[in-house]
Amino acid sequence: MVTHVPAETPGDERGMLLSFVEAQRGAIRRSLIGLTKEQAASRPSAGELSLSGLLKHVAETELNWLRMAQQRPNESARTAETWADSFRLVGDETVARMLEFWDGVAAETEKFIRSVPDLGDTFPLPEAPWFPAGERVSMRWLLAHLVEETARHAGHADIIRETLDGRTASELVAEVGGYSNQS
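Keep in mind it's a predicted model, so treat the numbers as computed, not measured. (Residues numbered from 1 in each chain as written. Predicted model: local features only at pLDDT ≥ 70, side-chain atom pairs only at ≥ 80, totals over all residues. Heavy atoms only, no water.)

1. Quick notes on empty space enclosed by the protein
Okay, so step 1: Taken as a whole and judged by the stated rule, the model has 1 cavity of 30 Å³ or more.
Okay, so step 2: Considered as a void within the structure, the largest cavity measures approximately 40 Å³ in volume.
Okay, so step 3: Around the largest cavity, the lining residues are Val58, Thr61, Glu62, Trp102, Leu146, Glu149 and Thr150.
Okay, so step 4: Elements that contribute at least two residues to the lining of the largest cavity include exactly α3 (51-70) and α5 (139-165).
Okay, so step 5: Its residues placed into classes, the lining of the largest cavity shows 3 nonpolar, 2 polar and 2 charged. (1 Å grid on protein atoms, 1.4 Å probe; cavity = no way out; pocket = protein on both sides within 12 Å on 5 of 7 lines; lining within 4 Å. Points joined across faces, edges and corners; volume = space filled by probe spheres on them. Helix = DSSP H or I, 4+ residues; strand = E, 2+ residues; numbered from the N terminus. Nonpolar A, V, L, I, M, F, W, Y, C, P; charged D, E, K, R; others polar.)

2. Let's talk about the packing of aromatic side chains
Okay, so step 1: If you walk through the whole model with that rule in mind, you get 4 aromatic pairs.
Okay, so step 2: Geometrically, the ring pair formed by Trp65 and Trp141 is tilted, given 5.4 Å between the ring centres and 55° between the ring planes. Pair noted here: Trp65 is in helix α3 and Trp141 is in helix α5, with a separation of 76 residues, a long-range link.
Okay, so step 3: An aromatic cluster is present here, built from Trp65, Trp130, Phe131 and Trp141 joined pairwise through their rings.
Okay, so step 4: In this structure, Arg29 packs its charged tip against the face of Trp102, placed 5.0 Å from the ring centre. (Phe/Tyr/Trp six-rings, centres within 6.5 Å; stacked < 30°, edge-to-face > 60°. Lys NZ or Arg CZ within 6 Å of the ring centre and 35° of its normal.)

3. Focus on the packing of helix α1 (residues 13-31) against α5
Okay, so step 1: Remark: α1 packs on α5, axes separated minimally by 8 Å, with the N-to-C direction vectors making an angle of 20°. Comparing the axis directions of α1 and α5 gives the class roughly parallel. Here the hand of the crossing between α1 and α5 comes out left-handed. Only Arg140, Leu143, Leu146, Val147, Thr150, Ala151, His153, Ala154, Ala157 and Arg161 of α5 make contact with α1, whose side of the interface consists of Glu13, Leu17, Leu18, Phe20, Val21, Gln24, Arg25, Ala27, Ile28, Arg30 and Ser31.
Okay, so step 2: Considering only residue class, the contact of α1 with α5 consists of 12 nonpolar, 4 polar and 5 charged. (Axes fitted to C-alpha atoms, helices over the stretch in contact; angles between N-to-C directions. Parallel < 35°, antiparallel > 145°, perpendicular 65-115°, else oblique. Left-handed = near helix turned anticlockwise from the far one by under 90°. Contact = heavy atoms within 4.5 Å.)

This is how it looks when you write it as structure tokens:
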């Protein structure tokens, strides 16, 4: 799990942007380390967010943006009736299965981004009240947006995790990296 993205990432702009997306994915993955199913699903704040729900949401959101960029239908598209299920595990869904699903989405995102001829290539945004009519965005914009979206939720995950058991993001980074977090 990437925790630091060097200022000069070897390779081109794609590699750098993909590395920043992966660094934010790692923050959310780390927030789930060592938690029980019940802890991961708990909502310790006044809000509706849980760590397992955030995991599912960011995985599905990345898939949705990928499908828009590919101009393909999203096989996991939500409706108004199923929107709330994008923030909680349902049925036989587990954290492990969601992590596996997200790993597949991440691999597909990277493969797709590496295959587009130019990061300036664009795709249309769907008709929605929150998007300007006829708006198109670039692959570069998509990657920046994935960093933004995932980082926002990684911050939520940090707060939820610390509220659950006092473990900070720095402590989890240290645990994954196999080093002490003491100054």
